[in-house]
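What the coordinates show
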Amino acid sequence: MEKTFLMVKPDGVQRNLVGEIVARFERKGFKLAGAKLMVIPSTLAEQHYGEHSDKPFFGELVDFITSGPVFAMVWEGEEVIATARQMMGATKPQDAVPGTIRGDFGVTVGKNVIHGSDSPESAEREINLFFNEDQMVDYKKENLAWVY
Ligand code: RTP
Ligand code: MG
């Protein structure tokens, strides 16, 4: 099953949005495969955002993402990579449609609450950067016959 890397950014953690964001992916029907609260070391931040290393905002981006705890997650499900990007909304909050996470909570492009892998290649790369195999859990959702 497809997996993606999602992360509540430092602004989202500061604004108490971890539960709200986790709840959206749970309600959608995706499965949480790994999660941890962590402060990203700058070497990891530079690797994670390596594709932006020549952009003028790179320094700011690395400073921000390392400025406080993030909530890093692996989510699993059919087409989870593209679907999570839809649920996140556009990078710039002014372009993000209401109902999306960034549309509902994002304030500025630099503080846009959530990160999500943008392709299968990024997802594999980012999951491997942030999670060891033993930090992810492979399990089945039960058939909840005892809920009535
Ligand atoms: P992310 O990687 O964080 O999930 O965001 P994204 O794919 O929607 O956007 P991306 O193009 O990968 O940009 C990464 C992050 O860099 C910041 N950014 N700042 N000042 C600017 O013009 C600017 N442009 C991008 C944003 O925080 C964006 O999420
Ligand atoms: Mg990106």
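For the structure, check the block above.
So, here is what we can say about the structure in this document. If you're wondering where the values come from, they're calculated on a predicted model, not measured in any experiment.

The rules behind the values
Residues numbered from 1 in each chain as written. Chains lettered and ligands numbered in written order. Predicted model: local features only at pLDDT ≥ 70, side-chain atom pairs only at ≥ 80, totals over all residues. Heavy atoms only, no water. Pairing = 2+ DSSP bridges. Helix = DSSP H or I, 4+ residues; strand = E, 2+ residues; numbered from the N terminus. Axes fitted to C-alpha atoms, helices over the stretch in contact; angles between N-to-C directions. Near = heavy atom within 4 Å. Polar contact = N/O pair within 3.5 Å; in protein donor to acceptor, adjacent residues only side chain to side chain. Areas by Shrake-Rupley, 256 points an atom, 1.4 Å probe, with all protein chains shown as cover. 1 Å grid on protein atoms, 1.4 Å probe; cavity = no way out; pocket = protein on both sides within 12 Å on 5 of 7 lines; lining within 4 Å. Sits in = over half its atoms within 2 Å of the grid points. Nonpolar A, V, L, I, M, F, W, Y, C, P; charged D, E, K, R; others polar. Core = buried A, V, L, I, M, F, W, Y, C linked by side-chain atoms within 4.5 Å. Buried < 20%, exposed > 50% of the residue type's maximum accessible area, 1.4 Å probe, protein only. Contact = heavy atoms within 4.5 Å. Arc of directions from axis to C-beta.

Examining the sheet that holds strand S3 (residues 70-76)
- Strand order in this open sheet of four strands is S2-S3-S1-S4, and the pairing throughout is antiparallel. Sheet topology places strand S2 (31-38) and strand S4 (114-116) at the edges, where each strand pairs with a single neighbour. Direction aside, neighbouring strands of the sheet carry axes that sit 15° apart on average.
- Taken together, the six bridges between strand S1 (residues 3-8) and S3 define a ladder with antiparallel strand orientation. By the bridge assignment, Leu6 is partnered in S3 with Met73.

Concerning the site of ligand 1
- Neighbouring ligand 1 are 14 residues, the closest being Lys9, Tyr49, Thr91, Val109 and His115.
- Residue Val109 places a main-chain N or O atom 2.7 Å away from an oxygen atom belonging to ligand 1.
- Protein burial of ligand 1: of its 560 Å² of free accessible surface, 78% is covered by the chains.
- Among the detected pockets, ligand 1 sits in the largest pocket.
- Those elements giving two or more residues to the shell around ligand 1 turn out to be helix H5 (80-88) and S4.
- In terms of residue class, the shell around ligand 1 is built from five nonpolar, six polar and three charged.

Some details on the nonpolar core
- Counting 21 residues, the largest nonpolar core has Leu6, Ile21, Phe25, Met73, Trp75 and Ile101 as the members making the most contacts within it.
- Elements with a contribution of two residues or more to this core: S1, helix H2 (18-28), S3, H5 and helix H6 (101-105).
- Ranked by residue count, the leading element in this core is H5, at five residues.
- Leaving out residues up to four positions away in the same chain, Phe25 has contacts with Leu6, Phe30, Trp75, Ala84, Met87, Ile101 and Ile114.
- Counting 19 residues, the second-largest nonpolar core is a separate cluster that includes Ile40, Leu44, Ala72 and Met136.

Things to note about H2
- Listed as buried for H2 are Ile21, Val22, Arg24 and Phe25. Angularly, the buried residues of H2 cover 155° about the axis, an arc narrow enough to put them on a single face. Those residues of H2 that are exposed and aimed more than 90 degrees away from the buried face are Glu26 and Arg27.
- Backbone geometry just after H2 places Gly29 at a positive phi near 115°.

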